[in-house]
Amino acid sequence: QLDAARFDQRSAGPVATDFRRGSFGDAAEAERARDLADGANFRRARIGVEGKAWGDWNYNILFDFGGSGIEEAGKISSAYLEYAGLKPLRFRVGAFPPNTGFDDGTGVNNLLFLERPAVAELVRGLAGADGRVGAAVLGNGDRWSAQLVVSGNLVTNQTYDEQTGLVGRLTYLPYKSKDSLVHVGGNLNMIISPAATTVDVAPAGATTPVRLRERPEVRVDVTRLVDTGSIDADGVTSMGLELGFQHKALTVQAENFWIDVERRNSLLADPSFGGWYIQGAWTLTGEARRYNTATGGFDPPRVDNPFSRGKGLGVWEIAARFSELDLNYRAGAGGTAPVAGAVRGGEQQIFSLGLNWYPNNNVRFLADYQRVEVDRLSPGGTAFGAGALTPPAGAQVGQDLNIWSIRTQYAF
Amino acid sequence: QLDAARFDQRSAGPVATDFRRGSFGDAAEAERARDLADGANFRRARIGVEGKAWGDWNYNILFDFGGSGIEEAGKISSAYLEYAGLKPLRFRVGAFPPNTGFDDGTGVNNLLFLERPAVAELVRGLAGADGRVGAAVLGNGDRWSAQLVVSGNLVTNQTYDEQTGLVGRLTYLPYKSKDSLVHVGGNLNMIISPAATTVDVAPAGATTPVRLRERPEVRVDVTRLVDTGSIDADGVTSMGLELGFQHKALTVQAENFWIDVERRNSLLADPSFGGWYIQGAWTLTGEARRYNTATGGFDPPRVDNPFSRGKGLGVWEIAARFSELDLNYRAGAGGTAPVAGAVRGGEQQIFSLGLNWYPNNNVRFLADYQRVEVDRLSPGGTAFGAGALTPPAGAQVGQDLNIWSIRTQYAF
Amino acid sequence: QLDAARFDQRSAGPVATDFRRGSFGDAAEAERARDLADGANFRRARIGVEGKAWGDWNYNILFDFGGSGIEEAGKISSAYLEYAGLKPLRFRVGAFPPNTGFDDGTGVNNLLFLERPAVAELVRGLAGADGRVGAAVLGNGDRWSAQLVVSGNLVTNQTYDEQTGLVGRLTYLPYKSKDSLVHVGGNLNMIISPAATTVDVAPAGATTPVRLRERPEVRVDVTRLVDTGSIDADGVTSMGLELGFQHKALTVQAENFWIDVERRNSLLADPSFGGWYIQGAWTLTGEARRYNTATGGFDPPRVDNPFSRGKGLGVWEIAARFSELDLNYRAGAGGTAPVAGAVRGGEQQIFSLGLNWYPNNNVRFLADYQRVEVDRLSPGGTAFGAGALTPPAGAQVGQDLNIWSIRTQYAF
């Protein structure tokens, strides 16, 4: 039939399965250190379809059966409809992950390490992430990409009035040659109106708390070592600045984020947080990572010599990263009680080394080492245990640990 | 291979994704009015396969990841095996939605409004609905369709002894010409033995309650405004009468339902309820809706001029509906306590207007307006709040509201 | 593209749906007999993909939406990556069911009865079963198969430190002719380190309980009639001996298991349990079951004359089985309290008859009759009811019952 020729059904994929085994150690440093569990976890296990129909319409539906720490029942990861008839713009509605920053421009199957930098992951969770419902305008050229998304809640996450958010991103390549490029970009992630946790009744209105927190950069165990706790808020604004560089087999990228929370019905000072990271990759076998102009991010190199019966080596790559996430606001000195309005969320620094092997374009093995250092003062109260276990206000509740982890991934 | 030619594997679909955003308003009229939450919701997100094998065998397996109000983890929507070797009959066993009435003859991806009329949806839930396990005999000719189903519980819904139900439907076209037709039909939906909620121990036997209740005709919020509460029952019988008419681009259909509940171990009178609706559609662009002889219902028109780069308009359609659902039995006058055996489930009237755009045969946009009026007396007690909030017996607990909603749908 | 020719994507399957309706009776014999619920249940409803890529790599991803007694939300059934470049060995990592014994060598869509023998199912659950995460080395020739698996937890089943297990199996055909064969084999299933249910804090360490229990050989109702209760343990070891025989349309297979539990931090004697079964099948229409050399088990016969419009009969098969599972350890005499270290898990004997119809290679109907006899003494306490309902220590809490069940299955 003639109509069939207009459909572009790209296989039955994408399907990705990540399989991790992480070994946590050195957890004894701080007396109150939490016991992170060894184990294995399916991070993502996806099935779905995508394609084009009727010339100008794109569709995508993708279900995920993986999870963080514990695998979850299958849920909607993305399901959207896109109209691309007005070039270079595309209009999209449904559930999809908005492009929240430089490292989010790299797809979930193409990450350099097992997880994104902690601060980038935290910002991604504000108004983006997989399964975010929203409406978007997207566009890109050879040297630029732009995106504006009005987003709502995540699917399977709705009780009272839903969250409204905004995600914007703009990237540009000021320099581009055959072997090299320079990337600059800016991103904005806002929670305009946080999700309500109570009925909206005058005069107090609905409680709309936000909570900023993040795991170390692995998800076999779900413990979060830095956490602001709930802050009743009118909104959150994150601004990010991106800088990237590539020369042949070497890529370097860095981002800094400024995060401001606006309190609701409160005379206390509005707290502000932040974080940054720098990461680099170098391909031992010489292939260059590919810059994706549509998403403004680095994708892995193509495998020119697939490993098979000893004929090729595949691609071997090494990577390093330093990331910092600071969720303290007026934290004060050790041993003292927090001042009014202070947030003792903690400061987390992670140094990571990675070795990646791509035997072919579908299979990847990642091995990561992380050195995690968390510096955090107890706000007092029972946040870290009740009764005799309660650490007094101002006690150090941070902990240092090493993490070794590997990932086996199959995607097509 | 020769065998392969006998398989008719229709793509990997059907896959349908509905995306809604509803705005609820005017909820302040009644003091006890419930606060329905604004939001978006994936109503259906499906993936599966269907096909023919070995000539006479049809199979279908379909999983749904959507839900009402809150998206659910993926579950079985239908999974059945059908033997069609004895024409015109088909024998089916497994999970599938029995055809419970005129509006159920229209498939879930083809509905005229976002949801079916409240009374039709309520009757559909007795012994039918997606994921109902059962065995069926089906048949149809050019002018008739017939169906008899013995059904059990819904999948994922089983504790003690399961429900046994019966669904029968018979339709006929007394008049049929090139441009016009008249449809008459009758349907029967019975709960023969309601699902038990306790162990079956003599002499009292197992408690087998039924509860009739329904949402306004949108499901972004799950609140039900009419509700009989639990009635310990031996069975429920619903009889429906169907009438339909089509002339070119105009279709009109109406149904009336009589619903009787037989109490268990009780001297109180057996309550009876009812409801009806009438709805019409007119295609602005002139295409005619298609009558489906296999299911005895109206499907949307085929899109002859798909919308693409401004060449075609697609199909534009307007629709109107009035529906009533009466769950009162001997409700009595306002301000009085209910008499023995009375059921104050409430009476709901909804007037709906719809505008539908079909840019092509896969994509649909629906915009609906509803005026909902609920008249309901409090049975007293704590059904509507405890302590000082308790409305006294006989107080008005109904509420009026307007609903605007849109749906984006992709299906193939 | 040339690469595409190297992919062997076997349809979108396998998809299997089982539909059962079981009628339980004779439950009144013992006063404390539990009321098993009649009903229907989707045992398995699966969707997924499998295939080969890049010559030496196999992949498989399969999701299951069925369950035992109550259908479950979709979850990962298997998802693995396999390297087969070093013949005759294959290396596999991910989630998959390790081959735990003779009856596990028969695939889930090919079982002779609705369920495996109770003892085989219990042993399969130790360190195997669907959704088990692990790493394996597999190999086979024309007359032998071998397998070694280091396994962890099931997916969606992780809290504290995960279980570590080991599964090994070795099979051989000492005699093989055109019409006949003799199978011998041995299998080892170990829990090396049971999953922790508490934090691992010195000096007591984490509690690591194991619990051996099993349903009658049908799963419409989830009640388990034999059950050891939780035993805090350092590990479990099961050894199995397999014996099989085929001559044309007749197959017979038998297995015996020795199960030892090693208590943790206890001076009590380590309990040991056991079980065995023998089952046979005879094809009325004469076709022979097929021996699968890769998995070391019997698969159903191929259907040479498919049933269609009365031309063929398909394959008709009868089967019989006796199985015993003994979870008693020093149970003592009736009417007495248990001695220290005794385990009154009960002894279950099941005699089964089956009639199977395979109208074609995709569709199966199974009808089973079971006579279940459970002999079990109450350990006292409140395990079987509180207050006046408590059976005194040493009372008979077993029960006898008959089960009739049918399965409708479609798989490809």
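Draft legend 1. Layout of the overall build of chain A. Across its full length, chain A carries one helix and 19 strands. When the 412 residues of chain A are sorted by exposure, 57% land in the buried category. In chain A, 64% of the contacts between residues at least 6 apart in sequence involve partners at least 24 apart. For chain A, the accessible surface area stands at approximately 15900 Å², while carbon and sulfur atoms represent 58% of it.

Draft legend 2. A negative patch on the surface, seen in detail. All names here are of chain A. A grouping of Asp 234, Asp 260, Glu 262 and Asp 270 is seen on the molecular surface, where their side chains present a negatively charged patch. Following the sequence through the fold, Asp 270 ends up in the loop between β12 (250–263) and β13 (272–283). A relative accessible area of 40% places Asp 270 in the partly exposed class.

Draft legend 3. Representation of the pairing of strand β11 (residues 226–247) of chain C. All names here are of chain C. Two elements, strand β9 (residues 180–193) and β11, share twelve bridges in a ladder whose sense is antiparallel. Each residue of the ladder has a partner; that of Val 182, found in β11, is Phe 245. The sheet contact formed by strand β10 (residues 209–214) and β11 spans five bridges and is antiparallel. Bridge pairing in β11 places Glu 214 opposite Val 226. In this structure, β11 lies alongside strand β12 (residues 250–263), joined through 14 bridges in antiparallel fashion. Within β12, the residue paired with Thr 237 across the bridge is Asp 260. As consecutive antiparallel partners, β11 and β12 are separated by two residues, and within that stretch Lys 248 has a phi angle of approximately 50 degrees, a positive value.

Draft legend 4. Focus on unusual backbone geometry. The omega angle of the peptide bond from Lys 87 of chain B to Pro 88 of chain B is 0 degrees, so this bond is cis rather than trans. Mapped onto the elements of the fold, Pro 88 of chain B is located in the loop between β4 (75–86) and β5 (89–95). Backbone geometry places Ala 129 of chain A, a non-glycine residue, at a positive phi of 85 degrees. Within the secondary structure, Ala 129 of chain A is located in the loop between α1 (118–127) and β6 (132–140). A relative accessible area of 15% means that Ala 129 of chain A is categorised as buried. Despite not being glycine, Asn 265 of chain C shows a phi value in the positive range, around 50 degrees. Residue class for Asn 265 of chain C comes out exposed when judged on its relative accessible area of 65%.

Draft legend 5. Geometry of α1 of chain A. Of all ten residues in α1 of chain A, nine are buried, a share of seventy percent or more. Note on α1 of chain A: the residue one or two positions beyond its end, Ala 129 of chain A, has a positive phi of about 85 degrees.

Draft legend 6. Examining the packing of aromatic side chains more closely. Summed over the entire model, instances satisfying the criterion amount to 30 aromatic pairs over all chains. Summarising the aromatic geometry, the rings of Phe 365 of chain A and Trp 57 of chain C are spaced 6.3 Å apart at their centres and angled 45 degrees between planes, so their arrangement reads as tilted. Of this pair, Phe 365 of chain A sits in strand β18 (residues 363–375) while Trp 57 of chain C sits in strand β3 (residues 57–64), each in a different chain. According to the relative accessible area criterion, Trp 57 of chain C is buried, its value standing at 5%. Here Tyr 80 of chain B and Phe 96 of chain B contribute two aromatic rings whose centre-to-centre distance is 5.9 Å and whose plane-to-plane angle is 80 degrees, an arrangement assigned as edge-to-face. Remark: Phe 96 of chain B occurs in the loop between β5 and α1 (118–127) and Tyr 80 of chain B occurs in strand β4; sequence separation between them is 16 residues. Phe 96 of chain B carries the same exposure label as Tyr 80 of chain B, and that label is buried.

Cut-offs used in this document
In this numbering scheme, every chain counts its residues from 1 along its sequence in written order. The order in which chains are written sets their letters, starting at A; the order in which ligands are written sets their numbers, starting at 1. Only residues with pLDDT of at least 70 get local features here, since the model is predicted, and only at 80 or more are side-chain atom pairs given and counted; chain-wide, interface and lining totals rely on the full set of residues. With hydrogens and water set aside, each side-chain value is computed from the structure's full complement of heavy atoms. For helices the rule is a DSSP run of H or I covering at least 4 residues; for strands it is a run of E covering at least 2, with both sets numbered from the N terminus onward. Think of it in three bands: with a 1.4 Å probe and only protein chains considered, a residue is buried below 20% of the maximum accessible area for its type, exposed above 50%, and partly exposed in between. The contact criterion used is simple: two residues touch if any of their non-hydrogen atoms lie within 4.5 Å. Per-residue accessibility takes into account occlusion by the displayed protein chains alone, with areas from the Shrake-Rupley method and a 1.4 Å probe. Note on patches: the residues involved have over 30% relative accessible area and no salt bridge, like charges join within 9 Å, and the nonpolar side chains Val, Leu, Ile, Met, Phe, Trp and Tyr join within 5 Å. Here, a salt bridge means any side-chain nitrogen of Lys or Arg that lies within 4 Å of a carboxyl oxygen of Asp or Glu. We count Lys and Arg on the positive side and Asp and Glu on the negative side, and we leave His and both chain ends out. Where a charge sits is defined by one atom per residue type, namely NZ (Lys), CZ (Arg), CG (Asp) or CD (Glu). Pairing between two strands requires that DSSP report at least two bridges joining them. Pairs were defined over the aromatic rings of Phe, Tyr and Trp, the Trp ring being its six-membered one, requiring ring centres within 6.5 Å. Orientation was assigned from the angle between planes: stacked under 30 degrees, edge-to-face over 60, tilted for the rest.

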